[in-house]
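Fold and contact review
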Amino acid sequence: NLFQYLGFTVFIEQDLAQAQIMESIVKFKTRFEQTIVDMSIFCIMSHGSGGNLVDIQGEKIDVEVEIVKKFYGTQCLALQGKPKLFLLQYCRGDEHDLGVKRGTQDESFKLPEVTDILIANSTVPGFVSNRNTKHGTWFFQC
C-alpha cells in the first residue's frame, strides 16, 4: 500500500521458479518502454542460501548477475539515468542473530544485534567507483 500511496504502480508475483522470475523481469522492464517513469523499485522477498536467492524449487539465483545486471544502462535503456532501488529480503548466510537484551528488569525484550543498517554502495561488484577530480565522487553528488 505504501508504494501505491506514493504513486507507484505495483506488480506482485508469488511463488515463482527461476524461469518465471526471469520472465517477470523481462515483463517488468518492458513496462518502462511503454510508460515514462522517474524511477523503479524492485522488491524481492524469498529464501536464500550461500548469499544467493532461492526460487520456489530451491534453485539458486545470483541476484547481482541474474537480476540487478538486467537493469544496467546497456540492458534497460528506458531506465538510463533514473534511480533503480532494489529491496532484497532473503538469507545471505547461515549465521543467526540472537539479539541483544534491552529494557529494564521488569520489561525485558530483545532487539536484533544487527539492525537499522542500510548499505548503499557507489558501484556494483566488479566495477570501480567513479569520481570527478573537481567535484568529488559521483555517488555523493546526488
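Structure shown above.
Residues numbered from 1 in each chain as written. Predicted model: local features only at pLDDT ≥ 70, side-chain atom pairs only at ≥ 80, totals over all residues. Heavy atoms only, no water.

1. Some details on helix 2 (residues 18-34)
Where we set the bar: Helix and strand definitions here come from DSSP, where helices need a minimum of 4 consecutive H or I residues and strands a minimum of 2 consecutive E residues; each element is numbered from the N-terminal end. Under the convention used throughout, the expected extent of a helix is 1.5 Å for every residue step, that is, one less than its residue count. Buried, partly exposed and exposed residues are distinguished by accessible area as a fraction of the type maximum, computed with a 1.4 Å probe on protein chains only: under 20%, between the cut-offs, and over 50%, respectively. Of all possible arcs, the one meant is that of the directions from the helix axis to the C-beta atoms. Here, two residues are considered to be in contact whenever any of their heavy atoms come within 4.5 Å of each other.
In this model, helix 2 (17 residues) spans 25 Å end to end at C-alpha, consistent with the 24 Å of a helix rising 1.5 Å per residue. Buried within helix 2 are the following residues: Ile 21, Met 22, Ser 24, Ile 25, Phe 28, Lys 29 and Phe 32. In an axial view of helix 2, the angular spread of the buried residues amounts to 160°, which keeps them on one side of the axis. More than 90 degrees from the buried face of helix 2, the exposed residues found are Ala 19, Val 26, Glu 33 and Gln 34. Where helix 2 is buried, its residues meet strand 1 (40-45), strand 4 (60-61) and helix 3 (63-66).

2. A few points about the packing of aromatic side chains
Here is the rule: Here a Phe, Tyr or Trp ring, Trp counted by its six-membered ring, pairs with any other such ring whose centre lies within 6.5 Å, and the pair is stacked when the planes are under 30 degrees apart, edge-to-face when over 60, and tilted otherwise. Either the NZ atom of lysine or the CZ atom of arginine qualifies as a charge over a ring when it sits within 6 Å of the ring centre and within 35 degrees of the ring normal.
For the coordinates displayed, the defined rule picks out nine aromatic pairs. Clustering of aromatic rings is evident, with ring pairs tying together Phe 11, Phe 28, Phe 32, Phe 42, Phe 71 and Phe 86. Note that Arg 31 overlies the ring of Phe 11, its terminal NZ or CZ placed 3.6 Å from the centroid.

3. Quick look at the pairing of strand 6 (residues 100-103)
In plain terms, the rule: By this definition, two strands are paired if DSSP reports at least two bridges between them.
Relative to strand 7 (residues 108-111), strand 6 runs antiparallel, the two being bridged by four bridges. Paired with Gly 103 across the strands is Ser 108, a residue of strand 7. The loop that links strand 6 with its antiparallel partner strand 7 comprises four residues.

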